[in-house]
Amino acid sequence: MHFDDWLEVLTDLRKKREPCVLLTLLDEKGSVPRSGGTKMVVTRDGCFLTIGGGNLEHQCVQIAREMLTNRETRPRCEPFQLGARAGQCCGGMTTVLFEPLLRPQPEVIVFGAGHVGQALVSLLATLPLCITWVDEREGQFSHIPAGVATRQMEEPVDEVTQSAAGSYYVVMTHSHPRDLELTEAILKRGDAKYVGLIGSQTKRQRFDYRLAGKGLSEAQLAQLRCPVGLPDVKGKLPAEIAVAIAGEIIAVYQGDA
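Given the structure is predicted, the values throughout are model-derived calculations rather than measurements.

Draft legend 1. Quick look at helix H3 (residues 115-124). Turning to H3, its buried residues number three or more, namely Val116, Gly117, Leu120, Val121 and Leu124. Down the axis of H3, the smallest arc covering the buried residues is 125°, so these residues share one side. Those residues of H3 that are buried lie in contact with strand E6 (107-111), strand E7 (130-135), strand E9 (168-171) and helix H8 (238-255).

Written out as structure tokens, the structure is:
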């Protein structure tokens, strides 16, 4: 490994717009697996380079991923005794600097890869967002924009279960029962930043009735945006609907900036 490999990793992650944490060994006392200045990069799903492996690295990766999950933006230092806390026999001490890099981006999960879903994801991919695109059908992802993660899942509701707090959800599958199942799961989580459901006012009334019957409160139902999208952006073409939804999502995340 070259000393500047971490720069190449960060450059690649920046192109993908993927948040990460840069780990740096600050100092060393006694016997340690790596010298001060050694770096490692951790993302939600991957690790790059190493600060020495073993239990020390395992614990550091856990801390970094907790920071990503909690959307922490401030650096922090953690001391490690390499004989007790880290479960290693080196016997030395080290301090690790954790630096969150690349501003955490809103996580948007789009359910449905039909014509409107394709138009919406193509548009959202041009924005500073972390996008996951979900559909249960095979062969639906004909064009996948750069930086978009796809999930072909028999049970799309599993993506709701494993998604991060504060996510943005857009439900537009090919099936009304599937839309209902996903909407129920999202609203019951209670931590979504945005919940959009494609459909008419009649569909909204029908879903409100059924979801209320499943125990959802008026406050929970009020979180649902259906019909979805900015009301002033009208039209039934996929691109027109996509622009209306994207505009609404932009308004929400800019309001939190």
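Past the structure itself, the notes keep going.
Draft legend 2. Region of the structure containing the packing of aromatic side chains. All chains considered together, the criterion is met by 2 aromatic pairs. Both rings, one in Trp133 and one in Phe141, keep their centres 5.0 Å apart while their planes meet at 70°; by these two values the pair is edge-to-face. Classification of Trp133 by relative accessible area gives buried; the value is 1%. Both rings, one in Tyr168 and one in Tyr194, keep their centres 6.1 Å apart while their planes meet at 20°; by these two values the pair is stacked. With Tyr168 in strand E9 and Tyr194 in strand E10 (residues 194-197), this pair connects stretches of sequence that are 26 residues apart.

Draft legend 3. Structural context of the domain arrangement of the protein. Split into domains, the protein comes out as domain 1 (4-101) and domain 2 (107-256). Measuring from the centre of the C-alpha atoms in domain 1 to the corresponding centre in domain 2 gives 35 Å.

Draft legend 4. Representation of the packing of helix H5 (residues 176-189) against helix H6 (residues 201-213) in the model. Two elements in contact, H5 and H6, have axes separated by 11 Å at closest approach and are oriented at 60°. With respect to their mutual orientation, H5 and H6 come out oblique. Helix-helix and strand crossings are classified by hand; for H5 and H6 the assignment is right-handed. Within the contact between the two elements, H5 uses His176, Asp179, Leu180, Thr183, Glu184 and Leu187 and H6 uses Lys203, Arg206, Phe207, Arg210 and Leu211. The residue inventory of the contact of H5 with H6, partitioned by class, reads 4 nonpolar, 2 polar and 5 charged.

Draft legend 5. Region of interest: the pattern of salt bridges. A complete count under the given rule lists 14 salt bridges for this structure. One salt bridge connects Glu107 with Arg44, and the closest N-O pair in it is separated by 2.9 Å. One end of the pair, Glu107, is in strand E6; the other, Arg44, is in the loop between strand E2 (39-42) and strand E3 (47-49), with 63 residues separating them in the sequence.

Parameters and conventions
- Residues numbered from 1 in each chain as written.
- Predicted model: local features only at pLDDT ≥ 70, side-chain atom pairs only at ≥ 80, totals over all residues.
- Heavy atoms only, no water.
- Buried < 20%, exposed > 50% of the residue type's maximum accessible area, 1.4 Å probe, protein only.
- Helix = DSSP H or I, 4+ residues; strand = E, 2+ residues; numbered from the N terminus.
- Arc of directions from axis to C-beta.
- Contact = heavy atoms within 4.5 Å.
- Phe/Tyr/Trp six-rings, centres within 6.5 Å; stacked < 30°, edge-to-face > 60°.
- Domains from an automatic or database assignment.
- Axes fitted to C-alpha atoms, helices over the stretch in contact; angles between N-to-C directions.
- Parallel < 35°, antiparallel > 145°, perpendicular 65-115°, else oblique.
- Left-handed = near helix turned anticlockwise from the far one by under 90°.
- Nonpolar A, V, L, I, M, F, W, Y, C, P; charged D, E, K, R; others polar.
- Salt bridge = Lys/Arg side-chain N within 4 Å of Asp/Glu carboxyl O.

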